[in-house]
Amino acid sequence: MLKNITLGQYFPGDSLIHRLDPRTKLIATVALIAIVFVVQGFAGFALIAAFVLACAASTKIHLKFLFKGLKPLLFIILFTFILNLFFQTGGTPLVVLGPVKITDMGLRMASFMAVRLILLVVCSQLLTLTTSPIALTDGLETLFRPLQAIHFPAHEIAMMMSIALRFIPTLMDEADKIMKAQKARGANFETGSLIQRARAMIPLLVPLFVGAFRRAEELALAMDARCYRGGAGRTRMKQLKFQGIDALAALALALLLAAVILLNRLNVF
């Protein structure tokens, strides 16, 4: 389970998506998420899925690895599917078992919400897999910079978000080592009732939190030893600069949005 968490991991590459400005990728990800919520039919979802899969294929990141990150969220996706399946009572009944009724509208809404969640997760993963933590920090800071006029700590917020993403794989690796050590001592994390499994997680969570606080302290001391003083007077080795490929990415997103709006107006399934 822990090895299936891919959020925060970065795969170096020289693809078109890798070469995009981090600000372009951040804005594009937000735009894609907005487009996913605009969709009103499965044809729009199919169009977005084809666009995202084409972007993922161009990065040479194996699609199996991309979708592996969905495994930890299968429970949430399944729970959302079942919730919409049984609580959406409008439409033509398909299955009736006493008080339980499944309708065509409920099935459509359940599938709709499940596909929406899957696309949201895949879009977010594609951003972190193709953008280094340093580039992500610079992009976030630049986008937040106009808010400094109202004393918004743009650099600090961007730094905290990038550090949090950077340490997700590290913490997952440490949690996996602790779990294997506990299993070697007889701990059981997979059988028993829900309460028993929750109690079995306590020996895992305590050393994990202790290790996280230790790493945070070590990082703070290392930054202080290097005279880190926040964003004041900070320079960058690589200056962010929009290029022609960023304009092409913006054009592709605009065309995708126009196509989705057209499909909505045509009321395509």
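What comes next is a walk through the structure. Just so it is clear, the structure is predicted and the values come from calculations on it, not from any experiment.

With that out of the way, let us pick up the overall build of the protein chain. Secondary structure summary: the protein chain contains eleven helices and two strands in total. Taking the principal axes of its C-alpha atoms as reference, the protein chain extends roughly 70 × 60 × 40 Å. Burial statistics for the protein chain: of 269 residues in total, 33% are counted as buried. Here the analysis covers contacts within the protein chain between residues at least 6 apart in sequence; of these, 74% occur between residues at least 24 apart. Of the roughly 16500 Å² of accessible surface on the protein chain, 70% is carried by carbon and sulfur atoms. When the 28 positive and 14 negative side-chain charges of the protein chain are each reduced to one mean point, those points stand 6 Å apart.

Here the focus is the pairing of strand S2 (residues 100-103). The sheet contact formed by strand S1 (residues 93-97) and S2 spans four bridges and is antiparallel. Across the sheet, proline 93 pairs through a bridge with threonine 103, a residue of S2. Between S1 and S2, which pair antiparallel in sequence order, lie two residues; one of them, glycine 98, sits at a positive phi of approximately 65°.

Another aspect to go through is the packing of helix H2 (residues 22-38) against helix H11 (residues 244-266). Direction vectors running N to C along H2 and H11 enclose 5°, while the axes themselves pass 11 Å from each other. Relative to H11, the element H2 is oriented roughly parallel. Two secondary-structure elements touch here, H2 through Thr24, Ala28, Ala31, Leu32, Ile35 and Val38 and H11 through Asp246, Ala249, Leu253, Leu256, Leu257, Val260 and Asn264. For the contact of H2 with H11, the per-class residue count stands at ten nonpolar, two polar and one charged.

Glancing now at the packing of helix H5 (residues 74-87) against helix H6 (residues 104-130). Where H5 contacts H6, the axes come no closer than 7 Å and their chain directions differ by 160°. Looking at the two axes, H5 sits roughly antiparallel to H6. Crossing of H5 over H6 shows right-handed handedness. On the side of H5, the interface is formed by Ile77, Thr80, Phe81, Asn84 and Leu85, while H6 contributes Gly106, Leu107, Met109, Ala110, Ser111, Met113, Ala114, Leu117 and Ile118.

With phi around 65°, histidine 151 is a residue other than glycine that occupies positive phi space. Examined against the element boundaries, histidine 151 turns out to sit in the loop between helix H7 (133-144) and helix H8 (154-184).

Before going further, it helps to spend a moment on the pattern of salt bridges. Opposite charge on two side chains allows them to pair when their charged atoms are near. As enumerated under the stated definition, the model contains five salt bridges in all. The shortest N-O distance in the salt bridge between lysine 177 and aspartate 173 comes to 3.5 Å. Separated by four residues within a single helix, lysine 177 and aspartate 173 lie in helix H8, roughly one turn from each other. Taking the relative accessible area as the measure of exposure, lysine 177 reaches 56% and is therefore exposed.

Let us look at H7. Taking 1.5 Å of rise per residue, twelve residues should cover 16 Å, and H7 covers 16 Å from first to last C-alpha, within 8% of that figure. Those residues of H7 that sit buried are Leu136, Thr137, Asp138, Gly139, Leu140, Glu141 and Thr142.

Moving on: H8. End to end, H8 covers 45 Å across 31 residues, agreeing with the expected 45 Å (1.5 Å per residue, within 8%). The axis of H8 is deflected most strongly, by about 35°, at phenylalanine 167, and proline proline 169 appears within four residues downstream. Every buried residue of H8 is listed here: Ala154, His155, Ala158, Met159, Ser162, Thr170, Glu174, Ala175, Asp176, Ile178 and Met179. Looking at the buried positions of H8, the neighbouring elements they touch are H7 and helix H10 (202-225). Positive backbone phi, at 100°, marks glycine 186, one or two positions downstream of H8.

For soluble globular proteins, nonpolar side chains are generally found buried alongside one another. Counting 30 residues, the largest nonpolar core has Phe45, Ile48, Val52 and Leu256 as its most contacted members. Of all elements in the fold, only H2, helix H3 (42-58), helix H4 (63-68), H6 and H11 reach the threshold of two or more residues within this core. Sequence-distant contacts of isoleucine 48, defined by excluding residues within four places in its chain, comprise Ile35, Val36, Val39, Leu119, Leu256 and Val260.

Its place among the elements puts phenylalanine 51 in helix H3. Put simply, phenylalanine 51 and threonine 128 are 77 residues apart on the chain and 17 Å apart in space, counted from C-alpha to C-alpha. Non-local contacts of phenylalanine 51, meaning those with residues more than four positions away in its chain, are made with Leu32, Ala252, Leu253 and Leu256.

Cut-offs used in this document
- Residues numbered from 1 in each chain as written.
- Predicted model: local features only at pLDDT ≥ 70, side-chain atom pairs only at ≥ 80, totals over all residues.
- Heavy atoms only, no water.
- Helix = DSSP H or I, 4+ residues; strand = E, 2+ residues; numbered from the N terminus.
- Buried < 20%, exposed > 50% of the residue type's maximum accessible area, 1.4 Å probe, protein only.
- Contact = heavy atoms within 4.5 Å.
- Areas by Shrake-Rupley, 256 points an atom, 1.4 Å probe, with all protein chains shown as cover.
- Lys, Arg positive; Asp, Glu negative; His and termini not counted.
- Charge placed at Lys NZ, Arg CZ, Asp CG, Glu CD.
- Pairing = 2+ DSSP bridges.
- Axes fitted to C-alpha atoms, helices over the stretch in contact; angles between N-to-C directions.
- Parallel < 35°, antiparallel > 145°, perpendicular 65-115°, else oblique.
- Nonpolar A, V, L, I, M, F, W, Y, C, P; charged D, E, K, R; others polar.
- Left-handed = near helix turned anticlockwise from the far one by under 90°.
- Salt bridge = Lys/Arg side-chain N within 4 Å of Asp/Glu carboxyl O.
- Expected span 1.5 Å × (residues − 1).
- Bend = angle between axes of the 7 residues up to and from the residue.
- Core = buried A, V, L, I, M, F, W, Y, C linked by side-chain atoms within 4.5 Å.

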